[in-house]
Amino acid sequence: MNGAGRRRFLKAAGALAGLPLITPLLRAAELLPPKGPRVVVVGGGFAGAVAAKTLRMASRDLDVVLVERNRSYTALPGANWVIGGSRRIGENRLNYDRLESNYGITMVYGEALAVDVAAKNVVLEAGTLAYDHVVVAPGIGFRSDAIEGYVPAETPELFPHAWTSGEEIVALKRRLEDMKDGGLVAVSLPLPPYRCPQAAYERISQIAWYLKQAKPRSKIVVLDANPGIAVLAELFGRGWERDYKGLIEYRGGQAVTKIDAARSRLVTAAETLRADVVNLIPPQIAGALAQRSGLVGADQRWCAVDHTTYESAVASGVHVIGDAVLTAGMQKSASTANAQGKACALAIAGLLGGRKPRPNIYSDVGYSLLNDREGASAIAFYRGEGRQTVPLERGGGASPDWSELEGVYARAWLGSMIAEMST
Amino acid sequence: MYRCWGLIACISLALAAAGPAAAQKNKAKAVELGEMLAQPCMACHGTRGASTEQAMPTIGGQIESYLAGSMKAYRDGTRPSTVMERIAKAYSSRELEALAAYFAVQPFVRPPQATDPDKVARGEAIHMRKCNRCHLHNGRDTSVAESPLLAGQKLEYMQRNMVEILAGRRNIEIRMKGALLEITPEDIEATLHFYAAQQGELP
Ligand SMILES: Cc1cc2nc3c(=O)[nH]c(=O)nc-3n(C[C@H](O)[C@H](O)[C@H](O)COP(=O)(O)OP(=O)(O)OC[C@H]3O[C@@H](n4cnc5c(N)ncnc54)[C@H](O)[C@@H]3O)c2cc1C
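Residues numbered from 1 in each chain as written. Chains lettered and ligands numbered in written order. Predicted model: local features only at pLDDT ≥ 70, side-chain atom pairs only at ≥ 80, totals over all residues. Heavy atoms only, no water.

Next up on the list: the overall build of chain A. Counting its regular elements, chain A contains 12 helices and 23 strands. The globule rule puts the C-alpha radius of gyration for 423 residues at 22 Å, and the 22 Å found for chain A is close to it. Here the C-alpha coordinates of chain A stretch approximately 60 × 45 × 40 Å along the principal axes. Counting all 423 residues of chain A, 59% fall into the buried class. Considering only residue pairs separated by 6 or more positions, chain A has 70% of its internal contacts joining residues 24 or more positions apart. Accessible surface for chain A amounts to roughly 16,200 Å². Of this, 50% is attributable to carbon and sulfur atoms. The averaged location of the 42 negative side-chain charges in chain A is 2 Å from the averaged location of its 48 positive side-chain charges. (Helix = DSSP H or I, 4+ residues; strand = E, 2+ residues; numbered from the N terminus. Rg over C-alpha atoms; globule rule 2.2 N^0.38 Å. Buried < 20%, exposed > 50% of the residue type's maximum accessible area, 1.4 Å probe, protein only. Contact = heavy atoms within 4.5 Å. Areas by Shrake-Rupley, 256 points an atom, 1.4 Å probe, with all protein chains shown as cover. Lys, Arg positive; Asp, Glu negative; His and termini not counted. Charge placed at Lys NZ, Arg CZ, Asp CG, Glu CD.)

What follows concerns the packing of aromatic side chains. Counted under the stated rule, the structure contains 11 aromatic pairs over all chains. An angle of 85° between the planes, with centres 5.8 Å apart, marks the rings of Tyr310(A) and Tyr362(A) as edge-to-face. Note that Tyr310(A) is positioned in the loop between α10 (288-292) and β19 (318-320) and Tyr362(A) in strand β20 (residues 361-369), a separation of 52 residues in sequence. Relative accessible area serves as the criterion here: at 0%, Tyr310(A) is assigned to the buried category. Directly above the ring of Trp302(A) sits Lys332(A), whose terminal nitrogen or CZ lies 3.8 Å from the centroid. Taking NZ or CZ as reference, Arg160(B) lies 5.5 Å from the ring centre of Tyr409(A), over its face. (Phe/Tyr/Trp six-rings, centres within 6.5 Å; stacked < 30°, edge-to-face > 60°. Lys NZ or Arg CZ within 6 Å of the ring centre and 35° of its normal.)

Take the sheet that holds strand β7 (residues 121-124) of chain A next. Residue and element names in this part refer to chain A. Here we have three strands laid out as an open sheet, ordered β6-β7-β8, and antiparallel in their pairing. Of all the strands in the sheet, just β6 (112-116) and β8 (127-130) have a single pairing partner and so form its edges. Between one strand and the next, the sheet's axes are offset by a mean angle of 25°, whatever the strand orientation. Relative to β8, β7 runs antiparallel, the two being bridged by four bridges. Bridge pairing in β8 links Val123 to Thr128. (Pairing = 2+ DSSP bridges. Axes fitted to C-alpha atoms, helices over the stretch in contact; angles between N-to-C directions.)

We now examine the pattern of salt bridges. Oppositely charged side chains can form a pair if their charged atoms are brought close together. Residues and elements named next belong to chain A. Inspection of the entire model under this criterion finds 36 salt bridges over all chains. In this structure, Glu167 and Arg93 form a salt bridge, with 2.7 Å as the shortest nitrogen-oxygen distance. Linking Glu167 in helix α7 (residues 166-178) with Arg93 in strand β4 (residues 93-95), this pair joins segments that are 74 residues apart in sequence. We classify Glu167 as partly exposed; its relative accessible area is 32%. (Salt bridge = Lys/Arg side-chain N within 4 Å of Asp/Glu carboxyl O.)

Once that is clear, we can look at the domain arrangement of chain A. Residue and element names in this part refer to chain A. When the domains of chain A are assigned, the result is domain 1 (3-69 + 110-139 + 287-356) and domain 2 (142-285 + 365-422). Of note, the centres of domain 1 and domain 2, computed from C-alpha atoms alone, are 29 Å apart. The interface is formed by 28 residues belonging to domain 1 together with 22 residues belonging to domain 2. Run the count over domain 1 and domain 2 and you get nine residue pairs in polar contact (both at pLDDT 80 or more). (Domains from an automatic or database assignment. Polar contact = N/O pair within 3.5 Å; in protein donor to acceptor, adjacent residues only side chain to side chain.)

Before going further, it helps to spend a moment on the site of the ligand. All names here are of chain A. Surveying the vicinity of the ligand reveals 35 residues, the closest of which are Glu68, Tyr73, Ala112, Arg195 and Asp323. One of the side-chain nitrogen or oxygen atoms of Tyr73 is found 2.5 Å away from an oxygen atom of the ligand. For the ligand, an oxygen atom lies 2.9 Å from a polar atom in the side chain of Asp323. When the ligand sits alone it has 990 Å² of accessible area, and the protein chains cover 96% of it. When contributions to the shell around the ligand are tallied by element, the ones reaching two or more residues are α8 (197-214), α10 and α11 (334-352). Top contributing element to the shell around the ligand by residue count: α11, with three residues. Counted by class, the shell around the ligand contains 17 nonpolar, 10 polar and eight charged residues. The two domains that each donate at least three residues to the shell around the ligand are domain 1 (3-69 + 110-139 + 287-356) and domain 2 (142-285 + 365-422). (Near = heavy atom within 4 Å. Nonpolar A, V, L, I, M, F, W, Y, C, P; charged D, E, K, R; others polar.)

Residue and element names in this part refer to chain A. With nine of its nine residues buried, β20 lies for the most part within the structure. Here β20 shows no split at all, with Ile361, Ser363, Val365, Tyr367 and Leu369 on one side and Tyr362, Asp364, Gly366 and Ser368 on the other all buried. Bridging between β20 and strand β21 (residues 375-385) involves nine bridges; their strand directions are antiparallel. Within the sheet, the bridge partner assigned to Tyr362 lies in β21 and is Tyr382. Where β20 folds back on β21, the antiparallel hairpin that results is connected by five residues.

Structure, rendered in structure tokens:
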């Protein structure tokens, strides 16, 4: 990093409210002397955990450190089914003990304050971690300034997004349980790109399934900033028509621009809506760590990368994977995060072993459940071409219809994904 | 049974298995390409193809010809599937072969499964009479016929597969038809419990 770049980094890092000033930390001591070529992975979500594991599988000579703020992780995929009642949230919880014992990954629990690209280390409150390569996988943050009246520290209490951890979905479910029969639920969706649009339509289906069983006189109004259902449109349309007619009222092209959370009100260009339960999913950006470390691109939102190595377009030796990455068209999903994590890990192991990385093929498989049994999937294939991901001409597509068999495989997919990242 | 850790080890094992030098080189290349392509498969089929889910088949350590044949059948729509047709269609024949080559040199992992001891005992007897001819060594060996490994395959998956085969929805089941026609559905169910009960390495 040059002088100007470094100043920009320090400014970005120091400007963060609530964080200690970063300058003294840069001189802090190394936490763990490297045991060999070292890769530090920050963020133990679907992208980071599997990247750390794949690195160790590819080369036992690598010193792999995984930095994660929490000791346990509650997956989001399948957490919507908790609302519908066909899954317990405990099934979505995992920890990192077996990544340590089975693969020799060193876990460091704590908040990564920033990646110091010039010094080649990751800065934590307690000290620094030097790296040869760093993989940044922080997930998402919210653009709360996009909605007038949105207060990051307060609004999610009143209008839960339930979009960053499976645990939050339990709170949303409780609201629905507390609501009277005949109540109104509003679900507000931002414009893509955001984390897993398919999961948003599944969320609506699961709320509808719950209401149909428990509070059949109630109603859901969907305010979608997108003009229409963004993923699996035909199937969700058909399923809602068949099972939830009169229960779900879908309004496309309705971005929420202003809220009054205390009075439970949502404002769009067309109307002001008062609802009993509001699930407000705000517009999104790359996770705060990416912002603090100066890794977001020209759009000020997401991290541009090379889709062969996942190396950042603005910082060498720094790789970004998962939801924080800028991809045209490719859905931000656990499936994508998993594929990117593994591709990035193999590329880094190759680079450290003197091999030239080769362009790869990625798939995104998204399963959704319409109710407690029937599932469907959307599959998309892409190949990496420099900073672009280009859809493959062949393969992929949507299920022909909702089916119980795909419901069975949706649950198996989730079990397998959780096992992959934690065992 | 091969065991390997990391690409180099896998390639050397593939080499040892492949024979003459030129064939060995092609094989090593296929495994290397396969390793890269195989990563997204593992999200469903488990790390290195070792499934952790009853509904999903283990494909790591399965015999190569069966893997390649299945993928091509999915691609061509001659084997029924929910997702595999949409997945297999994304790859060229060469890529499908590379995927098969990679998964074939992974260990076939056989963790304990819940099975019914009575069925397992009965299944063993039926297996010896009717199935052992092709599914050798309790279903762990395929050195004679090109039939798939069954020992340690996920029970729920095999049951679902068998329904498909018996219903004539797979056009390759002909080779096995004789054996299946001679026994009752209960007998077949018992043999599947016997296969699912197999654990560990090839004795
Ligand atoms: C309701 C819902 C349902 C979904 N269902 C599906 C589905 O069915 N299929 C699918 O494919 N996808 C699904 N998704 C999307 C999926 O959850 C995300 O795409 C996925 O979690 C992205 O993984 P990630 O690793 O990029 O981010 P995350 O999973 O958010 O992981 C980021 C990790 O980094 C840690 N972290 C962040 N910053 C720091 C820091 N500074 N220091 C230390 N640690 C840090 C966090 O604690 C977290 O553990 C769903 C999403 C939602 C909201």
